[in-house]
Amino acid sequence: MNETARARVILADDHQMVAEGLRGLLEPHFDLVSIVNNGHDLLAAVDKYKPDAVVADISMPLLNGIDAAARISDKHPDISIVLLTMYPDASYVRRAFDAGVSAYVLKHSAPSELVTAINEALKGHVFVTPGVAGEDLSQHRDSDGPDLSELTQRQREVIQLLAEGRSAKEVASILDISARTVEFHKYRIMRLLGIQNTAELVQFAIRHGLISD
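Given the structure is predicted, the values throughout are model-derived calculations rather than measurements.

Criteria and cut-off values
- The numbering scheme is per chain: residues are counted from 1 as the chain's sequence reads.
- Reporting of local features is limited, given that this is a predicted model, to residues whose pLDDT is at least 70; pairs of side-chain atoms are given and counted only at 80 or more, and all residues count toward the totals for whole chains, interfaces and linings.
- Processing note: side-chain calculations cover all non-hydrogen atoms of the structure and skip hydrogens and water entirely.
- Each helix corresponds to a stretch of at least 4 residues labelled H or I by DSSP, and each strand to a stretch of at least 2 residues labelled E; elements are numbered beginning at the N terminus.
- Each polar contact in these results corresponds to two N or O atoms within 3.5 Å; when the atoms are within protein, one needs to be able to donate a hydrogen and the other to accept it, and residues that are neighboring in sequence are counted only if both atoms are side-chain atoms.
- It only takes one pair of heavy atoms within 4.5 Å for two residues to be counted as in contact.
- Exposed residues in this analysis have more than 50% of their type's maximum accessible area, buried residues have under 20%, and partly exposed residues fall in between, with area computed by a 1.4 Å probe over protein chains only.
- A residue's pLDDT is the confidence the predictor assigns to it, expressed on a 0 to 100 scale.
- Only buried Ala, Val, Leu, Ile, Met, Phe, Trp, Tyr and Cys residues count toward a nonpolar core, and they belong to the same one when joined by side-chain atoms within 4.5 Å.
- Counted as salt bridges are all cases of a side-chain nitrogen of Lys or Arg within 4 Å of a carboxyl oxygen of Asp or Glu.

Asker: How would you summarise the side chain of Lys107 if you had to cite specific residues and measurements?
Answerer: Here Lys107 is to be found in the loop between strand E5 (103-106) and helix H5 (110-122). A polar side-chain atom of Lys107 sits 3.2 Å from a polar atom in the side chain of Asp13. Ignoring any residue separated from it by four or fewer positions in sequence, one finds Lys107 in contact with Asp13, His15, Val18, Asp57, Leu84, Thr85 and Met86.

Have a look at this one:
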């Protein structure tokens, strides 16, 4: 990107009113090339537009922001990723940076911090909303039972889709696998995490930011 060109940005947020508000923040400063409302569409938009930066909510349908960020950073390491979220917990911040995110901004701080965060990320710098930056991210671990690090990427996709209320057949169609494979993943996930029923699976997904409450 040359110095006179505006950075090209993709925005991903499944709440229309929030997305429109963020559009108003971003368009005066960046070339907003696409707005999407789920993680799968985000991956497709990244492949299509090859942006300089991505701004994504953590809690999105089909594929959450952190897992989407991991895929983007693996395939397009030069794209800067900014996560915009309601979660101040250090565990989320640690997972985000492990996934290749450059900036972590709380939604209530977006009006004053988002443009700065994107610019810092584009320079190769790290930005974290000051309200959570003081925590020891390297040492923090979830103390409330097992965490997502025990699951594979595919298992995280399955648990998110099931927690969103989709049937095994629907999950199979979305992920292009068989319904039997979905049921096998579900069995493995519940056994690994000590989850006894679907209600506990949903609560686990909410607690770890895979779906919103």
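Additional details are given in the paragraphs that follow.
Asker: Please give an account of the environment of Leu151 that cites residues and values.
Answerer: Tracing the backbone shows Leu151 in the loop between helix H6 (130-133) and helix H7 (153-163). Taking the relative accessible area as the measure of exposure, Leu151 reaches 5% and is therefore buried. Note: C-alpha distance between Leu151 and Ile206 (55 residues apart in sequence) is 16 Å. Setting aside anything within four residues of it in sequence, one finds Leu151 in contact with Arg156, Ile159, Ile189, Leu192, Leu193 and Phe204.

Asker: So, the confidence of the model for the protein chain: which residues are in play, and what are the values?
Answerer: Counting all residues, the mean pLDDT for the protein chain is 87, and 90% of those residues have values of 70 or more. Within the model, pLDDT remains below 50 along residues 136-143, and this stretch shows 12 contacts once partners closer than five positions in the same chain are excluded.

Asker: Explain the nonpolar core residue by residue, including any values.
Answerer: Judged by nonpolar contacts, the single largest core of 30 residues is most densely connected at Leu42, Leu83 and Tyr104. Every element with two or more residues in this core is listed here: strand E1 (8-12), strand E2 (31-36), helix H2 (39-49), strand E3 (53-57), helix H3 (65-75), strand E4 (80-85), helix H4 (90-98) and E5. Listed in part, the 23 residues of the second largest apolar core include Ile159, Leu193, Ala205 and Ile211.

Asker: Run through the pattern of salt bridges, naming residues and quoting values.
Answerer: Throughout the structure, instances matching the rule amount to 10 salt bridges. Here Lys107 makes a salt bridge to Asp57, at a shortest N to O gap of 3.2 Å. Of this pair, Lys107 sits in the loop between E5 and H5 while Asp57 is found in strand E3, placing the two residues 50 residues apart along the sequence. Of the two residues, Lys107 and Asp57, both sit in the buried class. As a salt-bridge pair, Glu164 and Arg166 come within 3.0 Å of each other at their nearest N and O atoms. With relative accessibility at 28%, the residue Glu164 sits in the partly exposed group. Overall, the relative accessible area of 28% leaves Arg166 in the partly exposed class.

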